[in-house]
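Survey of secondary and tertiary structure
So you can see what is in the structure, the chains are spelled out below.
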Amino acid sequence: MKYSKLILVTLLIMSLLLPCFGAQAETNGKTSVIVGVAAEPDAFFVCHSVNGTNMDECPVLHNIYDTLIRRNVDGTYKGLLATDWSISDDGLVYTMKIRPGVKFSDGRDMTIEDVVFSLNYTAATKGGAQQLVNYKEAIATDDETVEIHLTSAYGGFINALCNRYGLIFSKSYFEEVGEDGYDAAPITTGPYKFVEHVSGDHVTITYNEYYWGEKPAITDITYRVMSDVNTQMIALENKEIDVLLNANITPLLRLDPNGPVTYAVTSAATYSTLMFNLKPDKPTANIDLRKAICYGINKDEVNFGVYENMAEVADCTIPSSFNARPVSGTFDSYSYDPQKAKEHLAASGYNGEEVRIVTVSGTKDEMVCQIIQGQLINMGINATLVACDAGTFNDYVSTSGDYSIQLRSGSSSLMDADMLIFSYNTDLLTTKFDRGFPEEFNTKLTELTWAGRAESDMDKRVAIYTEAIQMCYDYAVNEPLVYSLNVVAYNRELQGVEPGPLVGIYYIYDWFWAE
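Because the structure is a prediction, the values reported are computed rather than measured. (Residues numbered from 1 in each chain as written. Predicted model: local features only at pLDDT ≥ 70, side-chain atom pairs only at ≥ 80, totals over all residues. Heavy atoms only, no water.)

1. Some details on the overall build of the protein chain
Counted only if it meets this: Put simply, DSSP marks the helices as runs of H or I at least four residues long and the strands as runs of E at least two long, and each gets a number from the N terminus on. For a compact globule the rule gives 2.2 Å times the number of residues to the power 0.38, and the radius of gyration it is set against comes from C-alpha atoms. Accessibility here uses a 1.4 Å probe with only protein chains present; expressed as a share of the type maximum, an area under 20% marks a residue as buried, one over 50% as exposed, and anything in between as partly exposed. Accessible surface area values rest on a Shrake-Rupley calculation with a 1.4 Å probe, where residue burial reflects the displayed protein chains alone. Within this scheme the basic residues Lys and Arg register as positive and the acidic residues Asp and Glu register as negative, but His and the chain ends are omitted. Charge coordinates come from a single atom per side chain, which is NZ of Lys, CZ of Arg, CG of Asp or CD of Glu.
Scanning the protein chain from terminus to terminus reveals 15 helices and 21 strands. Against the globule reference of 24 Å for 515 residues, the protein chain gives a C-alpha radius of gyration of 23 Å, in line with a compact fold. With the C-alpha coordinates of the protein chain rotated into their principal frame, the extents come out at 70 × 60 × 40 Å. In the protein chain, buried positions account for 58% of the 515 residues. A total of about 20100 Å² of accessible surface is found on the protein chain, and carbon and sulfur atoms cover 49% of it. Of the charged side chains in the protein chain, 37 are positive and 68 negative; the average position of the first set lies 2 Å away from that of the second.

See the structure below:
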């Protein structure tokens, strides 16, 4: 079901009983927070053309950089570097009035040239091309006005301007240091500035004294990398961290409701979908084995075991709240059927080969994969699980290809069925590793995703994406599981913490400690 409400619970203080994992966070009257994250943020330039980028950096990036506008958790928009904006009647021109007097964190002025350069540079990267849909160019019409021109109208473009590819950086500094230099020591216009990154341990940011807005109540933030679920909970209970992003719901529900920690839950623009490796040397190259796995997975057990039945069971990759999403029942989907699973397993000729599942440790995905592994073992499949850090996971998926099934929950800030283009359009895929999908599948999905992006008629778009989803079923290239939840757990005295549909994006500028 769709679930969006605030639930208050508390945690028992166990500092006398449990070991300490670092300096204990103070409890009140503070100007600092320690935020626990499972996956390490390790890229601090907006759109590095070589290094991989993902949602792991977003908790940091959206607090040190600014976009022109931001999307609030309630779906409204707020001006940041833009004070006003308008969209032409034909949807081809977005006009932005740029805030005067903005400085970067090293004191240099932000100019209209920085805005134009940032957008044009980012849009030319592979990631930017995926997000800034139908982008043509940005031009300055005067010292305070930028026009963004599109090749054709795209309804989700306003949301694209709010994501990481709409973040603005300094043209002059970039020309001095390049991508690697910017990544190592970014200068930014947001309320916070980068301080340090200690690999495997933490990222620190602090108040940007050149920030154009009012000084935030929270001035110092440490993102603490904690990949183990048990360690996360102990640290939260012991007040070694103040906030836990993307928290697991199950342990929170079991805690005493009268203590100092609370949490909030909302439906997320996030989908959990198993992706199969179809390369010939993998057992999952056999379509009958893939179908056996799809029929053998009990998604209700996943929903109960990880989300306490609060998530929505998925029938396709596209979340139900997204624009142009196919109507359930108009396409085929796999549902739990042990008998069909047995039949396809027998037809596959499976003979005990290892089916390796890879995912990121310390995340809800790891819990999902543990359940899936158990279900596959019960079917007679030799399923093994590798839960690793985000960098190692990316190596598995993008470089070595040494897996049969992978799970990394995805999210789309565009909140549109166009999200399929990022996974199945071979013209745009940034993944180095060939997943072995049949050529006719790749060709057709590339064709369909381009068509869905270009089409303006909503009914026609729905029909296009329905065909694409049906092909994913026919070829059994994936198995959608659930549409996830965004859960954040935090000290009750910390105010303003509110999860939105985009996992990882929190504006700490809005947070403050109660008096």
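2. What to know about the nonpolar core
Our working rule: Note on terminology: a nonpolar core comprises buried Ala, Val, Leu, Ile, Met, Phe, Trp, Tyr and Cys residues joined through side-chain atoms within 4.5 Å. By definition in these notes, contact holds between two residues if any of their heavy atoms fall within 4.5 Å.
In this structure, Leu252, Ile372, Leu376, Ile381 and Tyr424 are the most contacted members of the largest nonpolar core, which totals 82 residues. If we skip the residues at most four places from it in the chain, Leu376 touches Ile293, Ile357, Ile381, Ala383 and Ile405. Counting 71 residues, the second largest nonpolar core, distinct from the first, contains Val46, Ala82, Phe174 and Val225.

3. Concerning the pattern of salt bridges
Threshold: Salt bridges are identified by distance alone: a Lys or Arg side-chain nitrogen within 4 Å of an Asp or Glu carboxyl oxygen.
If you walk through the whole model with that rule in mind, you get 20 salt bridges. Where Glu57 meets Arg164, a salt bridge forms, and the shortest distance between an N and an O atom there is 3.1 Å. Of this pair, Glu57 sits in the loop between β2 (32–37) and α1 (58–64) while Arg164 is found in the loop between α4 (157–160) and α5 (171–184), placing the two residues 107 residues apart along the sequence. Given a relative accessible area of 5%, Arg164 falls into the buried group. Measuring nitrogen to oxygen at the nearest pair gives 3.7 Å for the salt bridge that ties Glu113 to Lys171. Note that Glu113 is positioned in helix α2 (residues 112–123) and Lys171 in helix α5, a separation of 58 residues in sequence. With relative accessibility at 18%, the residue Lys171 sits in the buried group. Three or more residues are tied together by salt bridges with common partners; here these are Asp281, Lys282, Glu354, Arg356 and Asp402.

4. Regarding the side chain of Arg70
As a reminder of what qualifies: Polar contact criterion, stated in full: a pair of N or O atoms within 3.5 Å, where within protein one must be able to donate a hydrogen and the other to accept it, and residues adjacent in sequence count only if both atoms are side-chain atoms.
Here Arg70 shows up in strand β3 (residues 69–71). Among the polar contacts made by the side chain of Arg70, one reaches the side chain of Asp510 at a distance of 2.8 Å. Not counting residues up to four positions away in its chain, the partners in contact with Arg70 are Thr76, Tyr77, Lys78, Leu80, Cys162, Tyr507 and Asp510.

5. As for the sheet that holds strand β5 (residues 82–87)
Definition in use: The pairing criterion for strands is at least two bridges between them, as found by DSSP. Orientation is described by lines fitted to C-alpha atoms, with helices fitted over the stretch in contact, and by angles between N-to-C directions that extend from 0 to 180 degrees.
Here four strands make up an open sheet; going across it, the order is β5-β6-β8-β7 and the pairing antiparallel. The two strands at the open ends of the sheet, each matched to only one other strand, are β5 and β7 (135–142). Adjacent strand axes in the sheet meet at a mean angle of 20°, parallel and antiparallel pairs treated alike. Lying on the sheet, α2 is in contact with β6 (93–98), β7 and β8 (145–150); it crosses β7 at an angle near 175°.

6. Remarks on helix α11 (residues 364–379)
Since there are 3.6 residues in each turn of an α-helix, residues three or four apart along the chain are aligned in direction. We count it as follows: By definition here, a helix of n residues has an expected span of 1.5 Å times n minus one.
The end-to-end C-alpha distance of α11, which contains 16 residues, comes to 23 Å, matching closely the 22 Å that a straight helix rising 1.5 Å per residue would cover. Along α11, the residues classified as buried are Lys364, Asp365, Glu366, Met367, Val368, Cys369, Ile372, Gln375, Leu376 and Met379.

7. Overview of the packing of α2 against α5
Threshold: Here roughly perpendicular refers to angles of 65 to 115 degrees, roughly parallel to angles under 35, roughly antiparallel to angles over 145, and oblique to all remaining angles. Amino acid classes used here: Ala, Val, Leu, Ile, Met, Phe, Trp, Tyr, Cys and Pro are nonpolar; Asp, Glu, Lys and Arg are charged; the rest, including Gly, are polar.
Running from N to C, α2 and α5 point in directions that differ by 45°, and their axes come no closer than 9 Å. Looking at the two axes, α2 sits oblique to α5. Each of Glu113, Asp114, Phe117 and Tyr121 in α2 lies in contact with α5, whose residues at this interface are Lys171, Ser172, Phe174 and Glu179. Tallied by class, residues from the contact of α2 with α5 come to three nonpolar, one polar and four charged.

8. Some thoughts on unusual backbone geometry
If you check the backbone angles, Asn246 has positive phi at about 50° while not being a glycine. Relative to the assigned elements, Asn246 resides in the loop between β12 (243–244) and α7 (249–253). A residue is classified by how much of its surface remains accessible, and Asn246, at 30% relative accessible area, is partly exposed. One non-glycine residue, Ala476, adopts positive backbone phi at about 50°.

9. Observations concerning helix α15 (residues 458–475)
Taking 1.5 Å per residue as the helical rise, α15 with its 18 residues ought to reach 26 Å, and the 26 Å between its terminal C-alpha atoms agrees with that figure. Taken residue by residue, α15 has Arg461, Val462, Ile464, Tyr465, Thr466, Ala468, Ile469, Gln470, Met471, Cys472 and Tyr473 as its buried positions. If you check the start of α15, you find a side-chain oxygen 3.1 Å away from the backbone N of Asp459, and it comes from Asp457. Ala476 occupies a position one or two residues after α15 and carries a positive phi of about 50°.

Geometric descriptors of this kind do not, in isolation, establish any biological role.
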